[in-house]
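Per-entry structural report
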Amino acid sequence: MLDPALALNAEVHLYPLQADLSPDLVALDLLLARIQKPVKALLATHYFGIVRDFCGLRQWCVDRHIVLIEDCSHVLFTENFRAPGSGIHGQFVVSSPYKFFACDDGGLLYAPDACLLENVATRSATFFEELRGIKHVLERGRSTGRLAGDLASIDLRLADISAGAVALGNHEVIERSAPSSLFSELAAARASLRCSQFVAEHSSLDDNIRCRRENYQRWVQAVATVPNCHALFPILPTDCAPYMFPLYIDHPDPHFYWLKHLGVPIWRWDEMADSACRISQDYRQHLLHLPCHQSLTGIEMDWMTAAVDKTLHRSVAGAR
Ligand SMILES: Cc1ncc(COP(=O)(O)O)c(C=O)c1O
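This structure is a prediction, so every number in the text was calculated from the model and none was measured.

1. Focus: unusual backbone geometry
- For the bond running from D253 to P254, omega is 15°, close enough to zero to count as cis.
- Mapped onto the fold, P254 is located in helix α10 (residues 252–262).
- One non-glycine residue with positive phi stands out, namely L21, at about 70°.
- Position of L21 among the secondary structure elements: in the loop between α1 (2–7) and α2 (25–34).
- The backbone phi angle of D239 is positive, close to 75°, even though this residue is not glycine.
- Within the fold, D239 resides in the loop between β5 (229–231) and β6 (244–249).

Written out as C-alpha cells, the structure reads:
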C-alpha cells in the first residue's frame, strides 16, 4: 500500500495501532503534530474482515481536512456486495475482491461520490493476459488437497523437524524512498481480468460467507485449549466474512519455523515496513494469519488444526 504513494513522491508516515489493530487516535494526534507538511490522506484498515466503526476517525479526519481512505482489502467488498458497516466512512474505498474468490486479480476503487473518480482511467487486459487468467481459474478448481493419511504422519515429521537446528531468519531493514520492485505503473492502471470479474459476480456469496465463518470457528475451537497461543479475535461478529484467522503465538522461534517446515500455509507481516509502533513490532513475528478460505475441505482443516495443535504443544525448551 506504500508503493503507490511513494510513486507519487508522497511522504509516508506509519501511525500506531492498538492491540486490536484499530487506530490509536491519541497517538495519531501526537504524530500529526510532528509532521511538517500538510497531511493529505489517511489510510485505515478493517483487518481480517472485522469491520471497525470508523465514525470517530472520520470526524478526526474531517476536522483536520484529511481525506479518509478506507482499506477494505480484508473485507468482502465487491461491486455487488458490501460487508455491513464497511465503506461508509471513507471518501475513497479500496478493496481486493480477488482475496475472497478463486481468481487471479481484481482490485476495486470506490468512492461514494462518483465525481471523485471521473479522472480515473484503466486500460483493458490483453487477450493473452485474459487467457492466462482463465487457465489459472480452471487450475484452481482442481483439488490438490491433503489426504486423510497425512494426519497420521504429523507426529513423525514434527519429531524429525524439531530434532534439527532452527535456522533463525536475518533481521534486515532496507531504507528506500522509491516504490519497491513489486510496483508496476502499467499494472496499476490495468482493469481486472474479465474472468476475475465473472468469478466474483457469479460465486455464491452466501456459501462463501458461511464456509469462511465455519472454518474460522473451527480454528477458534481448535486453539481454545492449545498452549503458547491465543486467537486475536475469538469472537466473530455476526455478518462478518473473515479474511483469515489471526493467531498470536508466544514463541515464533521455533514454533513458526516448525509450522512452516511442516507445510502449514501461514502468512506473517514480517516483510512489511518497519515502524515504531509497539504492536506492529510485536505482531510482525508473533501474529500468524491462517487460512479459512471457503474452498478448504474438512480434511485440509483437520490437518492444519492438528498440525498447529501438535506443534504448539511441543516444548520450546529443547529447540536448538
Ligand atoms: C491490509 C492490506 N491492505 C491492502 C493490501 C493490498 O491488497 P492487494 O493485494 O489487492 O494489493 C493488503 C494485501 O494483502 C493488505 O493486507
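2. Some details on the pattern of salt bridges
- According to the stated counting rule, one finds 14 salt bridges in the structure shown.
- Note that D105 is salt-bridged to R190, the shortest N-O span being 3.3 Å. Of this pair, D105 sits in the loop between β3 (92–95) and β4 (108–110) while R190 is found in the loop between α7 (185–188) and α8 (194–202), placing the two residues 85 residues apart along the sequence.
- Residue classification places R190 among the partly exposed positions, given a relative accessible area of 22%.

3. A closer look at the sheet that holds strand β2 (residues 67–72)
- Strand order in this open sheet of four strands is β1-β2-β3-β4, and the pairing throughout is mixed. Each edge of the sheet is formed by a strand with only one pairing partner; in this case those strands are β1 (41–45) and β4. Adjacent strand axes in the sheet meet at a mean angle of 20°, parallel and antiparallel pairs treated alike.
- In this sheet, β4 lies alongside β3 in antiparallel orientation, the contact comprising three bridges. Bridging from a neighbouring strand, S95 pairs with L108 of β4.
- Across the sheet, helix α3 (residues 55–63) touches β1 and β2, and the angle it forms with β1 is around 175°.

Parameters at a glance
- Residues numbered from 1 in each chain as written.
- Predicted model: local features only at pLDDT ≥ 70, side-chain atom pairs only at ≥ 80, totals over all residues.
- Heavy atoms only, no water.
- Helix = DSSP H or I, 4+ residues; strand = E, 2+ residues; numbered from the N terminus.
- Salt bridge = Lys/Arg side-chain N within 4 Å of Asp/Glu carboxyl O.
- Buried < 20%, exposed > 50% of the residue type's maximum accessible area, 1.4 Å probe, protein only.
- Pairing = 2+ DSSP bridges.
- Axes fitted to C-alpha atoms, helices over the stretch in contact; angles between N-to-C directions.
- Contact = heavy atoms within 4.5 Å.

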